[in-house]
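Residue-level structural notes
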Amino acid sequence: KNRKMGKSFLKHNSKSLIRIKKKWRKPIGIDSKIRKRTKGAPKTPKIGYGSSKRIKSLNATGLKTIHVFNLNDIKSSIILKRSYSYCLSKNISLKNKKLIRYFSNQFNLKILN
């Protein structure tokens, strides 16, 4: 269930020049060696570096996440508890969060936040 190692792609000259931020931007220069993909030039992002479909939707615990907005969302997914973890929405009141946490402790459901 492991993801591929994430390869870090950097903008050209971002290692040597401080004013260039260390994040990826596609090279667009007319004579750019990276754009032309010449031998010895740094690698560019391609579709082949991606993760497989069955692993892509999993979080760090190896489970898929379900966003919970109210108690009914948890009640309806008790059957699926083995393959899902739950993430509580930001805009739930404290009273409802306590209810959801109490209910999830009874059924041994994994809540991430």
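Residues numbered from 1 in each chain as written. Predicted model: local features only at pLDDT ≥ 70, side-chain atom pairs only at ≥ 80, totals over all residues. Heavy atoms only, no water.

1. Examining helix H4 (residues 94–106)
Over its 13 residues, H4 runs 19 Å from end to end, which matches the ideal 18 Å to within 8%, given 1.5 Å per residue. Residues Ile 100, Phe 103 and Ser 104 constitute the buried set of H4. An end-on view of H4 places all buried positions within 100 degrees of arc, on one side of the element. Seen from the open side of H4, the exposed residues pointing more than 90 degrees away from its buried face are Leu 94, Lys 95, Lys 98, Tyr 102 and Asn 105. The inward-facing, buried residues of H4 contact strand S1 (64–68), helix H3 (71–76) and strand S2 (84–88). Asn 108 sits one or two positions beyond H4 and adopts a positive phi of about 55 degrees. (Helix = DSSP H or I, 4+ residues; strand = E, 2+ residues; numbered from the N terminus. Expected span 1.5 Å × (residues − 1). Buried < 20%, exposed > 50% of the residue type's maximum accessible area, 1.4 Å probe, protein only. Arc of directions from axis to C-beta. Contact = heavy atoms within 4.5 Å.)

2. A word on unusual backbone geometry
Phi at Asn 13 takes a positive value of approximately 70 degrees, unusual for a residue other than glycine. Of note, Asn 13 is situated in the segment before helix H1 (33–36). Here Asn 13 falls in the partly exposed class, since its relative accessible area comes to 36%. Within the chain, Arg 37 stands out as a residue other than glycine whose phi angle is a positive 60 degrees.

3. Points about a positive patch on the surface
A grouping of Lys 7, Lys 26, Arg 35, Arg 37, Lys 43 and Lys 46 is seen on the molecular surface, where their side chains present a positively charged patch. With respect to the helices, strands and loops of the structure, Arg 37 is situated in the loop between H1 and helix H2 (53–56). For Arg 37, a relative accessible area of 56% corresponds to the exposed category. (Patch = residues over 30% accessible without salt bridge, like charges linked within 9 Å, V, L, I, M, F, W, Y side chains within 5 Å. Areas by Shrake-Rupley, 256 points an atom, 1.4 Å probe, with all protein chains shown as cover. Salt bridge = Lys/Arg side-chain N within 4 Å of Asp/Glu carboxyl O. Lys, Arg positive; Asp, Glu negative; His and termini not counted. Charge placed at Lys NZ, Arg CZ, Asp CG, Glu CD.)

4. Topic: the pairing of S2
Side-chain positions along a regular strand alternate between the two faces of the sheet. S2 sits mainly inside the fold: 4 of its 5 residues count as buried. One ladder, built from 5 bridges, connects S1 with S2; its direction is parallel. Across the sheet, residue Ile 66 finds its bridge partner in S2, namely Tyr 86. (Pairing = 2+ DSSP bridges.)

5. Observations regarding the packing of aromatic side chains
Under the defined criterion, the tally for this structure stands at 3 aromatic pairs. Ring geometry for Phe 9 versus Tyr 49: centroids 5.2 Å apart, planes at 65 degrees, classification edge-to-face. Remark: Tyr 49 occurs in the loop between H1 and H2 and Phe 9 occurs in the segment before H1; sequence separation between them is 40 residues. Here Phe 9 falls in the buried class, since its relative accessible area comes to 17%. Aromatic side chains Phe 103 and Phe 107 sit 4.9 Å apart centroid to centroid with 45 degrees between the ring planes, which places their arrangement in the tilted category. The exposure class of Phe 103 is buried, given its relative accessible area of 13%. Looking at Phe 107, the relative accessible area reads 30%, which means it is partly exposed. Taken together, the ring pairs connect Phe 9, Trp 24 and Tyr 49 into an aromatic cluster. (Phe/Tyr/Trp six-rings, centres within 6.5 Å; stacked < 30°, edge-to-face > 60°.)

The analysis is restricted to geometry; functional conclusions fall outside its scope.
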